[in-house]
Amino acid sequence: MAWGQNISEPCLLKTGIGCPAVSAGDEAEMGVMSTVSSGQHTRPMCYLLLLMILQLGLHTAEGVWPLPQTLISSTERFHLSPQAFYFGYGRQSAAQQGCSVLDAAFKRYFALIFPDYTSGRWNLFSDKNEKDGTLPFNVDKQFTVEVSVDHNDCDGYPNESSSERYNLSVFSGRASLKAVTVWGALRGLESFSQLVYQDDFGSYFVNKTDIKDFPRFQFRGILLDTSRHYLPVQAILKTLDAMAYSKFNVFHWHIVDDPSFPYQSRTFPDLSSKGAFHPMTHIYTQSDVRRVISHARMRGIRVLPEFDSPGHTKSWGKGQPDLLTPCYKGGIPSGTFGPINPALPSTYHFMATLFKEVSVVFPDSYIHLGGDEVDFSCWKSNPYVRAFMQKMGFGSDFTKLEAFYMENIVNITSALNKTSIVWQDVFDYHERRSSLSVVEVWREGCYLCEVRRVAKAGLRVILASPWYLDLPGPTHNWARYYTVWPLAFKGTEEQKKLVIGGEVCMWGEYVDATNLTPRLWPRASAAAERLWSDEKQTSNVDMAFPRLQDFRCKLVRRGIQAEPLYVGHCKQEYQGI
């Protein structure tokens, strides 16, 4: 093409939509690169080139969601054949074949990269690689993804300080993926899988690409509520799959609440046998919990359990006598119960025993203690609670009573080497804030004002307020979850570093397995990019829309029932019906 011969400068796109791929015969003539990185500006030549290629009807290279920190994509592309595609470990990699996390990921991503290939070939390593660990490059048209990590954390769990940084380079016959940890390698594999595309004849291609990437925030979570509606284990596992596609790394399991107690405790089996919707069908056994944790681990996702108290505990009282506060009316018990009784020593013995079990079952170093929306009316009605308050010098200030309770629970979990997270209510009424570690901001209004207050107090912050996705709403309102600026408050750099991330919340009043997936996706993916990507590169909704539309089609192709963003179609429509 004569029009491509005089183009010598790179074209720079802030949007992350690379310059389009062209036919193999044109690749040698066109030395055009597209670049995404912080602080770069769009050059007019790229738009002219993009327009000309689109007018010619040529295939454009696919993008990556969330947008990497730096992405350089060329029009040069390489054909991929599933029969000649391999994964391998670099010679210097700390992890080698036999690494459970990466070996499983290779199988999983082979199926995602080649969804039409059904031969069932799971030998993803070449024979030579199996024998001596080396990677063969002398076979015609062979393509190998070579993975190298600095640390062998194959048998561990991701944690709050795990690096997810990776570098990915794609060139002829090979892709090189380098990461500090296996968790970073997983993020790189996800990005590589999104770079692969099919032409109209079903052939697979990947463009020459260079990515340097890391998350903006360390904590990128999704909360599922399994108390208000029971979610089958399979629905949770499918959500974990979709989370990995958007590079979320924390599953906040709001496992119990007022309506039901589905967690089957080894120590207190009556909690679920009497507190679940059904003691056999609507529970999470120890085996179920292990399965969820294992599934999450293999995708680099932490599982953060929440046992919310002293409020939101009506279901607890069904299986644990004398735990909840008896409510009084006219000086006598009314037969109803309120929050957990903070005046009894037996309360803290029970909570210590329960959390000792929970700390063993859930390996993550974080645990969510709740502490929100405590109704004081029952405590106020109970003469024994009021007498306890006078004894403790709390007077009639029930926020001091709740603070006393929460401080005891925080101390219990601290003794178990767990870092506690609490909802912002605890911070708001807590005078001795030094005992707190992480505060989750969830209330509406000026939520950044609250973020600022928490950070100013020297505590870590998780932001959830703008990302409540459980309420019904049109999919096109995804932009409201995208145009969130978590650090747009007045504060020092040190204070802003205390904002460790954010969380999408899917409460269960109106959500069960029938509508969970379409209500979450692709709107949650908008929040995912805000939490992963550079804010300056991803501030434009109009630029993000076609990328999110494309990513939504990727989710559909992978069996995720993500709602459409607007009128249109996916090349491969959802096949699960």
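Refer to the structure presented above.
Residues numbered from 1 in each chain as written. Predicted model: local features only at pLDDT ≥ 70, side-chain atom pairs only at ≥ 80, totals over all residues. Heavy atoms only, no water.

Peer 1: Explain the pattern of salt bridges here, please?
Peer 2: Two side chains carrying opposite charge are able to pair once their charged atoms lie near each other. All chains considered together, the criterion is met by 19 salt bridges. Taking the shortest distance from any N to any O, the salt bridge between Asp257 and Arg228 comes out at 3.3 Å. Here the residue Asp257 occupies a position in the loop between strand E11 (250-254) and helix H8 (270-275), and Arg228 occupies one in the loop between strand E10 (219-225) and helix H7 (233-245), the gap between them amounting to 29 residues. Put simply, Asp225, Arg228, Asp257 and Glu509 are held in one network by salt bridges that share partners. (Salt bridge = Lys/Arg side-chain N within 4 Å of Asp/Glu carboxyl O. Helix = DSSP H or I, 4+ residues; strand = E, 2+ residues; numbered from the N terminus.)

Peer 1: Would you explain the packing of aromatic side chains in this entry?
Peer 2: Given two aromatic rings, one states the distance between the centres and the angle between the planes to describe the pair. For the coordinates displayed, the defined rule picks out 35 aromatic pairs. Within the aromatic cluster, the residues linked to one another by ring pairs are Phe85, Phe87, Tyr89, Phe106, Phe110, Phe114, Tyr117, Phe143, Phe192 and Tyr204. The ring of Phe489 has Lys496 lying over it, and the distance from NZ or CZ to the ring centre is 5.5 Å. (Phe/Tyr/Trp six-rings, centres within 6.5 Å; stacked < 30°, edge-to-face > 60°. Lys NZ or Arg CZ within 6 Å of the ring centre and 35° of its normal.)

Peer 1: Is there a simple way to think about the packing of H7 against helix H9 (residues 286-297) in this case?
Peer 2: Two packed helices can be described by the angle between their axes and the distance between those axes. Here H7 crosses H9 at 10 degrees, and the two axes come no closer than 10 Å. When the axes of H7 and H9 are compared, the pair comes out roughly parallel. Contacts from Val233, Gln234, Ile236, Leu237, Leu240 and Asp241 of H7 reach H9 at Asp288, Arg291, Val292, His295 and Ala296. Residue composition of the contact of H7 with H9, by class: 6 nonpolar, 2 polar and 3 charged. (Axes fitted to C-alpha atoms, helices over the stretch in contact; angles between N-to-C directions. Parallel < 35°, antiparallel > 145°, perpendicular 65-115°, else oblique. Contact = heavy atoms within 4.5 Å. Nonpolar A, V, L, I, M, F, W, Y, C, P; charged D, E, K, R; others polar.)

Peer 1: Is there a simple way to explain H9 in this structure?
Peer 2: Because an α-helix completes one turn every 3.6 residues, residues spaced three or four positions apart along the sequence face the same direction. The terminal C-alpha atoms of H9 lie 16 Å apart, and with 12 residues this matches the ideal 16 Å at 1.5 Å per residue to within 8%. For H9, the full list of buried residues reads Gln286, Asp288, Val289, Val292, Ile293, His295, Ala296 and Arg297. Buried residues along H9 sit against helix H4 (100-113), helix H6 (182-195), H7, E11, strand E12 (302-306) and helix H11 (345-361). (Expected span 1.5 Å × (residues − 1). Buried < 20%, exposed > 50% of the residue type's maximum accessible area, 1.4 Å probe, protein only.)

Peer 1: I would appreciate a short explanation of the nonpolar core in the present structure.
Peer 2: It is characteristic of soluble globular proteins that their nonpolar side chains tend to be buried jointly. Core analysis: the largest hydrophobic core is formed by 134 residues, its most contacted members being Leu102, Phe192 and Trp521. Ignoring any residue separated from it by four or fewer positions in sequence, one finds Trp521 in contact with Ile222, Thr239, Ala242, Met243, Ser246, Phe248, Leu555, Ile560, Ala562 and Glu563. In terms of nonpolar packing, the next biggest core, distinct from the first, is built from 10 residues, Val374, Trp379, Val385 and Leu401 among them. (Core = buried A, V, L, I, M, F, W, Y, C linked by side-chain atoms within 4.5 Å.)

Peer 1: Got a minute to help me understand the layout of surface pockets in this structure?
Peer 2: Unoccupied space between atoms shows up once a probe the size of one water molecule is rolled over them. There is about 550 Å³ of room inside the second largest pocket. In terms of lining residues, the second largest pocket is bounded by 28 residues, among which Glu444, Tyr468, Asp470, Leu471 and Trp507 are the most central. (1 Å grid on protein atoms, 1.4 Å probe; cavity = no way out; pocket = protein on both sides within 12 Å on 5 of 7 lines; lining within 4 Å. Points joined across faces, edges and corners; volume = space filled by probe spheres on them.)

Peer 1: How should I be thinking about helix H14 (residues 398-415) in this particular structure?
Peer 2: When the terminal C-alpha atoms of H14 are compared, their 26 Å separation across 18 residues agrees well with the 26 Å that a helix rising 1.5 Å per residue should span. Within H14, burial applies to Phe398, Leu401, Glu402, Ala403, Tyr405, Met406, Glu407, Ile409, Val410, Ile412 and Thr413. Where H14 terminates, the next one or two residues include Asn417, which has phi positive at roughly 60 degrees.

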